[in-house]
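# Observations on the three-dimensional arrangement
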Amino acid sequence: MSVKSEAVKRDSESIVARIKAGATITAIADEYGTYPSLVKRALNGVGVDIKRLLPTLANTCRENINEWRKEGKTLDVLAEELGVKRSSLVSTLHRLGLKLHHRERMRSAAVDEATEEVIKYIHQRGGNIIKAIRDLGLKVSESAIRGRLAERGIDLSSFRFSYRTYGDWYTLPGKVEECYVNDKKIYARCLRCGSTGYVLYTNLLAAKSTGCMSCRTWTQKTVRVVETGEVYKSLRKAVIKLDLLPAYQRIRQNLNKSGSYEIGGFTIEAVDPSSDG
Ligand SMILES: [Zn+2]
């Protein structure tokens, strides 16, 4: 046995106490001018199992994980501080089910926030989730937002086609009714008369329907002002010219009923386009 080994054995009690207090084998070996392996062997010789004295990486992780999180330690920094391989640290944490960072929770908070933004956006402007994410420049996936909406029982599908203008139609939130093949009925308000109804989406897109039936009837017909003989392509154009716009609805309803109406010294009459020449 070497002198150094004998010295370690002689001092084994104090060495054990110091290791328990956190001293490393390397530091102790340095003090005795030898290698850690000799210290281990010497202590073994007097019945001291060094492995039992040293805190295991698992225990160290369990005891310090909260501290590390608070400090925001990264895996690289921590592995270096603990004198272990990064991979051992990763696998130990994984085995213990511990996560160094609250990344999941942070991500989750970000999704909650993004979901709020998407809801607000779609409530105000209509459209779908993908468009909202893109327009808002959010860094979240559509499925993450969908997940949150489902959890909260929020259905934004009624806003899918809302708040768009097609001619005189202004689409509104409402149940979108699928019909025919690949078509749907969209709830909309006629901006001319304020009436609401369902319009076929393909008709809106193709501009086949640009307002409610009763308004379209009149806008497609020309009108004549009897007193001046002037002909206008629509009632709207006539009332604007005659400065009678506030009375537009009244005139239209009366023309609908009787074909002509007197107002402000003018007699307005409907003209059938086919007989108009
Ligand atoms: Zn209308």
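Owing to the predicted nature of the structure, the values given are computational and were not obtained by experimental measurement.

### Digging into the overall build of the protein chain
Across its full length, the protein chain holds 15 helices and nine strands. Overall, the C-alpha framework of the protein chain stretches about 130 × 40 × 25 Å when taken along its three principal axes. Taken over 277 residues, the protein chain has a buried fraction of 18%. Within the protein chain, counting contacts between residues at least 6 apart in sequence, those at least 24 apart form 43% of the total.

### Examining the packing of helix α1 (residues 3–10) against helix α4 (residues 36–45)
Where α1 meets α4, the closest approach of the two axes is 9 Å, and the angle between their N-to-C directions is 55°. Here α1 lies oblique to α4, going by the angle between them. Judged by the sense of rotation from one axis to the other, the crossing of α1 with α4 is right-handed. Note on element contacts: α4 touches α1 through Leu38, Val39, Ala42, Leu43 and Gly45, opposite Lys4, Ser5, Val8 and Lys9. Along the lines of polarity and charge, the residues of the contact of α1 with α4 split into five nonpolar, two polar and two charged.

### Side note on the nonpolar core
Looking at soluble globular proteins, one finds that nonpolar side chains tend to be buried together. With 12 residues, the main nonpolar core is built from Ala114, Val118, Tyr121, Ile122, Ile129, Ala132, Ile133, Leu138, Val140, Ile145, Leu156 and Phe159. Contributions of two or more residues to this core are made by α9 (103–125) and α10 (129–136). Ignoring sequence-local partners within four residues, the contact set of Ala114 consists of Leu138, Val140 and Ile145.

### Focus on the pairing of strand β9 (residues 266–271)
Where strand β6 (residues 222–225) lies against β9, four bridges are found, and the strand directions are antiparallel. Within the sheet, the bridge partner assigned to Thr222 lies in β9 and is Val271. Strand direction decides the pairing type here: strand β8 (residues 260–263) and β9, joined by four bridges, are antiparallel. Counterpart to Ile263 in the pairing with β9 is Phe266. Two successive antiparallel strands, β8 and β9, enclose a turn made up of two residues, where Gly264 displays a positive phi of approximately 55°.

### Describing the domain arrangement of the protein chain
For the protein chain, the domain assignment lists domain 1 (3–98), domain 2 (102–159), domain 3 (165–210) and domain 4 (214–270). Placing a centre on the C-alpha atoms of domain 1 and another on those of domain 2 gives a separation of 48 Å.

### Quick word on the sheet that holds β9
The strand order β7-β6-β9-β8 describes an open sheet built from four strands, whose pairing is antiparallel. Across the chains shown, the open sheet's two edge strands, defined by having one partner strand only, are β7 (231–232) and β8. Contacting β8 and β9, helix α15 (residues 248–258) runs over the sheet at an angle of about 140° to β8.

### Notes on the packing of helix α7 (residues 75–82) against helix α8 (residues 86–96)
One can describe the packing of α7 onto α8 by two numbers: an axis separation of 9 Å at closest approach and a directional angle of 105°. In terms of orientation, α7 and α8 fall into the roughly perpendicular class. Taking contact as the criterion, the partners of Leu75, Asp76, Leu78, Ala79 and Leu82 in α7 are, on α8, Arg86, Leu89 and Val90. Grouping the constituent residues of the contact of α7 with α8 by class yields six nonpolar, no polar and two charged.

### Regarding unusual backbone geometry
Residue Tyr163 is not a glycine yet carries a positive backbone phi of 65°. With respect to the secondary-structure elements, Tyr163 resides in the loop between α11 (142–152) and β1 (165–166). Overall, Tyr163 belongs to the partly exposed group, with 15 C-beta atoms counted inside 10 Å. Positive phi, close to 60°, is recorded for Asp243, a residue that is not glycine. Looking at the secondary structure, you find Asp243 in the loop between α14 (235–241) and α15. Among the residues examined, Asp243 registers 9 C-beta atoms within 10 Å and is labelled exposed.

### Description of the pairing of strand β4 (residues 183–190)
When a strand is regular, its side chains alternate between the sheet's two faces. In this structure, strand β2 (residues 169–171) lies alongside β4, joined through three bridges in antiparallel fashion. Across the sheet, Trp169 pairs through a bridge with Cys190, a residue of β4. Connecting strand β3 (residues 177–179) to the antiparallel partner β4 that follows it, the hairpin turn spans three residues, and Tyr180 within it adopts a positive phi of roughly 50°. In terms of strand pairing, β4 meets strand β5 (residues 196–200) through five bridges, oriented antiparallel. In the sheet register, Ile186 faces β5, and the bridge partner there is Val199.

Calculation criteria
Residues numbered from 1 in each chain as written. Predicted model: local features only at pLDDT ≥ 70, side-chain atom pairs only at ≥ 80, totals over all residues. Helix = DSSP H or I, 4+ residues; strand = E, 2+ residues; numbered from the N terminus. Buried ≥ 20, exposed ≤ 12 C-beta atoms within 10 Å, placed from the backbone. Contact = placed C-beta atoms within 7 Å. Axes fitted to C-alpha atoms, helices over the stretch in contact; angles between N-to-C directions. Parallel < 35°, antiparallel > 145°, perpendicular 65-115°, else oblique. Left-handed = near helix turned anticlockwise from the far one by under 90°. Nonpolar A, V, L, I, M, F, W, Y, C, P; charged D, E, K, R; others polar. Core = buried A, V, L, I, M, F, W, Y, C linked by C-beta atoms within 7 Å. Pairing = 2+ DSSP bridges. Domains from an automatic or database assignment.

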